[in-house]
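A look at the structure
Residues per chain are reported as follows:
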Amino acid sequence: MRVAFLGLGAMGFPIARNLQREHQVLVWNRTVAVAERHAREHGTQLLSTLQEAAGADVIVTMVPTSHEVDELVEVLHSHLKPGSLWIDATSGDPVMSRRTAERLAGLSVEFVDAPVTGGAPGAEKGTLTIMVGGTDEAFRRAEAILRPTASKVVHVGDVGAGHALKAINNAMLGANLWMAAEGLLLARRFGIALPVALDVLNAGSGRSNATENLLPSRILEREWPLTFKLALHDKDVRIAASMAHQKHLVSPMLALTSQMFTAALHDMPDADYVEVVKYAASMSSEEW
Ligand code: NDP
């Protein structure tokens, strides 16, 4: 199976390497040097032009947003092979994905949205959870391709359902991060040391991924690695807020989270997503 992989960023680079273990992977990246390095280090095949990707049986996209996916579809659509499968692993917009799926269906090309969760460490280890939206048949095809990079591949519904669930997941992550920051700042103002607060919260019912995994090394050891851009996380929270608007769901926490993330992004355009807690602290003239 020839798999063309487009977008070798923080996530795409290790995922394409994992897929190469079971498939013949052809790589393309906007910055060509990255694709050249991938081919050199992992034995993948370098595509000299983007158009050549259309000759593959499967195309996987892993770019920032559905807008970049649409740009790639625009370049490739007239060259695509009928019967091929487009797997969009980007954390995208479900409404845009449905439009893209319809456009490709007209060319007899199947589309699934297949965003991932597990972050850069999960991509490195091949232990991602992947949520797939599409037909039963397209899911079966996508699952067989994605297995080498995932612990779990779940069919969550029709096209768009994967992107919807991913946006919901990241909106919840965002709200948890923000609330954890407020709780820890409040504990410290009350005279409770941060290590003590974290120790107790993580043994209690207030714990979350934020308190257990994300915040201890950042706020205790002051290590702030760039693993997932705040700009991308903000995009996910905005997608979830827009879904709630379209579905007429009253969701004040989601709306507030979206507003706070956008405010933080204006202040720190190049930050990592966990650094949103620095913005939360700055609102009370605090630092970690
Ligand atoms: P990165 O910014 O590290 O990589 C983005 C990739 O997209 C790069 O290969 C970049 O190419 C390429 N790209 C950017 N703009 C364009 C364009 N206009 N046309 C073609 N290619 C383009 O992002 P991530 O890998 O972190 O994220 C990718 C997706 O995965 C996002 O949707 C993100 O939300 C999602 N995600 C990220 C996670 C994480 O922890 N990082 C976790 C789960 C999902 P170039 O090298 O030229 O810049």
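Read on for a plain summary of the structure. Everything quoted here is computed from the prediction, not taken from an experiment. (Residues numbered from 1 in each chain as written. Predicted model: local features only at pLDDT ≥ 70, side-chain atom pairs only at ≥ 80, totals over all residues. Heavy atoms only, no water.)

**Brief notes about the site of the ligand**
Note the following rule: Put simply, a residue is near a molecule or strand once any heavy atom of it comes within 4 Å of that molecule or strand. Polar contact criterion, stated in full: a pair of N or O atoms within 3.5 Å, where within protein one must be able to donate a hydrogen and the other to accept it, and residues adjacent in sequence count only if both atoms are side-chain atoms. Only the protein chains shown count as cover for residues, and all accessible areas are computed by the Shrake-Rupley method using a 1.4 Å probe. Secondary structure counts use DSSP, requiring at least four H or I residues in a row for a helix and at least two E residues in a row for a strand, with both numbered from the N terminus.
Around the ligand, a shell composed of 25 residues is seen, among which Asn29, Thr31, Pro64, Lys229 and Lys235 lie nearest. A distance of 2.7 Å is found between an oxygen atom of the ligand and a side-chain nitrogen or oxygen belonging to Asn29. Contact distances for the ligand include 2.9 Å between an oxygen atom and a side-chain N or O atom of Arg30. With the chains in place, 87% of the 910 Å² that the ligand exposes on its own is no longer accessible. Mapped by element, the contributors of at least two residues to the shell around the ligand are helix 3 (66-76), helix 5 (119-125) and helix 10 (230-246).

**Here's the deal with helix 7 (residues 161-189)**
Rules: In a helix, the anticipated span is given by 1.5 Å times the number of residues less one.
Taking 1.5 Å as the rise per residue, helix 7 with 29 residues should run 42 Å; its terminal C-alpha atoms sit 42 Å apart, in good agreement. Just beyond helix 7, the residue with positive phi is Gly191, at close to 90 degrees.

**Observations regarding the side chain of Asp272**
Worth spelling out the cut-off: Note on contacts: a residue pair is in contact if any heavy atoms of the two residues lie within 4.5 Å.
Checked against the element boundaries, Asp272 lands in the loop between helix 11 (252-267) and helix 12 (276-282). One polar contact links the side chain of Asp272 to the main-chain amide nitrogen of Thr227, over a distance of 2.7 Å. Among the polar contacts made by the side chain of Asp272, one reaches the main-chain amide nitrogen of Phe228 at a distance of 2.9 Å. Contacts of Asp272, omitting those with residues within four sequence positions, involve Arg218, Pro225, Leu226, Thr227, Phe228 and Leu230.

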